[in-house]
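Structural overview
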Amino acid sequence: MSLAAPTIMTHGSDELRTRILRPTITGEVTWTQLFSEPGAGSDLAGLTTTAVRDGDDFVVNGQKVWNTSAHHADYGMLLARTDWDVPKHQGISYFVLPMDQPGVEVRPILQMNRHSSFNEVFLTDARIPAANLVGDLGDGWRVARTTLMHERTFATLRRPSFADGASGRTIDEAPAEAADHFATYAWYPQRAGRPDLVAERARSFGRNNDPIVRQAIAELVSFQRANEWTAERARAARALGRAPGPEGSLGKLGASGVARRSARVHGLVSGASAMLTDGPHLHDAVVAEVLVSTPAQSIAGGTDEIQHNIIGENILGLPREPSVDRDVPFRDVQR
Ligand SMILES: Cc1cc2nc3c(=O)[nH]c(=O)nc-3n(C[C@H](O)[C@H](O)[C@H](O)COP(=O)(O)OP(=O)(O)OC[C@H]3O[C@@H](n4cnc5c(N)ncnc54)[C@H](O)[C@@H]3O)c2cc1C
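Just so it is clear, the structure is predicted and the values come from calculations on it, not from any experiment. Each chain carries its own residue numbering, running from 1 in the written order of its sequence. For a predicted model such as this one, the threshold for reporting local features is a pLDDT of at least 70, and the threshold for listing and counting side-chain atom pairs is 80 or more; totals across whole chains, interfaces and linings nevertheless cover every residue. The side-chain numbers reported here are obtained from all heavy atoms of the structure, hydrogens and water having been left aside.

So, about the overall build of the protein chain. Counting secondary structure elements, the protein chain contains 10 helices and 8 strands. Each principal axis of the C-alpha atoms in the protein chain carries an extent, and together these give about 70 × 55 × 40 Å. Taking all 335 residues of the protein chain together, the buried fraction comes to 46%. For the protein chain, long-range pairs separated by at least 24 residues make up 74% of all intrachain contacts whose partners lie at least 6 apart in sequence. Working note: accessible area of the protein chain is about 17,400 Å², and carbon and sulfur atoms make up 55% of it. We count Lys and Arg on the positive side and Asp and Glu on the negative side, and we leave His and both chain ends out. The atoms used to mark charge sites are NZ of Lys, CZ of Arg, CG of Asp and CD of Glu. In the protein chain, which carries 35 positive and 40 negative side-chain charges, the distance between the mean positions of the two groups comes to 7 Å. By the criteria applied, helices consist of DSSP H or I runs no shorter than four residues and strands consist of E runs no shorter than two, each listed in order from the N terminus. Any residue under 20% of the maximum accessible area for its type is buried, any over 50% is exposed, and the rest in between are partly exposed; the area is computed with a 1.4 Å probe on protein chains only. Whether two residues are in contact is decided by their heavy atoms: any pair within 4.5 Å suffices. Throughout, the Shrake-Rupley method with a 1.4 Å probe supplies accessible areas, and for residues the shown protein chains are the sole cover considered.

The following block contains the structure:
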């Protein structure tokens, strides 16, 4: 809803907008982002999944990975290479891939926090109607940047709430479906570090009078509040109708900082019992989950290092990162 809809609204054909936007916004259809590949994450433009025109369709072959929600998505936002004879950013196209077809195989990945919210997706002669191209052929990188800017701004957004009823489901089915859906993502609050639990845990462990612990908590809360104000500024800019800009990278980096600091302070407060997945102390299992979930915050949606690069280049005006493969045909780039 937050990634596909604004992207299609900005770049999609009139026909695609009419067909796709409404069910996306009502939640009748859900999406997965099919960008990353085993050999293309930070260097996303180095992707090798290929789409070839065949009559009224494109035929897609390749592999995607880390695709959140792919196991229950109706559509994929797919980036695929449609031209290997131009530089890497110019040969990529953006498609709406129908997930429910024989050429799409989704394999869940078990994460170190024992949840399984993302997947590998294998594409073998998967078919996409040509009308599902978003933007022009070969202009997919520009379209993808819209999706990514909205994704980075996630850190600054309040979570959407979902209505109980959606068309096509009965009033009983909808909440059950929502509960099942959210169970998959039960670890997401822990990924953000749970700074809200730190002071309460320090009190319950009798650690709230330790000067080192107090200082660490104060530092964490100060950082979190400063970050929240940055997010408020980004929200205010959005409310004025401005497109998301590099402040999304600042917000995302700030959210990673809060998560990492918070995990560290939870460890300081709880000591060895932070590792318990069960036990007599309040929230023990939650803290253990925080420790193995916060690393994801620094990776999903572009790593901290990549956000630093974006801030350096787009906000501070520093020179571009050196690159040897930007201007040669992708076919000739060593991989
Ligand atoms: C919870 C979660 C959900 C995700 N969901 C999705 C999804 O729905 N759809 C999807 O397509 N992808 C998804 N991803 C994948 C994510 O976008 C990639 O993992 C991420 O972009 C990093 O790519 P990579 O894993 O290939 O790491 P790499 O790019 O191989 O990076 C490895 C390390 O090298 C560093 N590095 C790489 N390049 C540079 C550079 N130029 N300068 C400095 N340091 C650099 C990185 O910062 C990192 O530390 C998800 C990831 C996570 C953790």
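Once that is clear, we can look at the packing of helix 7 (residues 211–239) against helix 8 (residues 247–270). Here the axes come from fitting lines to C-alpha atoms, over the contacting stretch only for helices, and the angles between their N-to-C directions go from 0 to 180 degrees. Packing of helix 7 against helix 8 brings their axes to within 9 Å, and their N-to-C directions diverge by 160 degrees. The angle between helix 7 and helix 8 falls in the class roughly antiparallel. The element helix 7 and its partner helix 8 pack so that their crossing is left-handed. Residues Ile 212, Val 213, Ala 216, Ile 217, Glu 219, Leu 220, Phe 223, Gln 224, Asn 227 and Ala 234 of helix 7 pack against Glu 247, Leu 250, Gly 251, Gly 254, Ala 255, Gly 257, Val 258, Arg 261, Ser 262, Val 265, Leu 268 and Val 269 of helix 8. By the convention adopted, Pro, Cys, Tyr, Trp, Phe, Met, Ile, Leu, Val and Ala count as nonpolar, Lys, Arg, Asp and Glu as charged, and the other residues, Gly among them, as polar. Class assignment for the residues of the contact of helix 7 with helix 8 results in 13 nonpolar, 6 polar and 3 charged. These descriptions rest on fixed angle ranges, namely under 35 degrees for roughly parallel, over 145 for roughly antiparallel, 65 to 115 for roughly perpendicular, and the rest for oblique. Left-handed is the label given to a crossing in which the near helix is rotated counterclockwise from the far helix by less than a right angle, and right-handed is the label when the rotation is clockwise.

This part is about the nonpolar core. Counting residues in each nonpolar core, the largest one holds 25 residues, and the members touching the most others are Trp 31, Phe 35, Leu 79, Tyr 94 and Val 96. Sorting the residues of this core by element identifies helix 1 (4–11), helix 2 (14–26), strand 4 (75–81), strand 5 (92–98) and helix 3 (140–152) as the ones contributing at least two each. Examining the composition of this core, we find that 4 residues originate from one element, helix 3, more than from any other. The nonpolar core is taken to be a set of buried Ala, Val, Leu, Ile, Met, Phe, Trp, Tyr and Cys residues, with the residues joined through side-chain atoms within 4.5 Å. Counting 17 residues, the second-largest nonpolar core is a separate cluster that includes Phe 58, Met 99, Val 121 and Leu 123.

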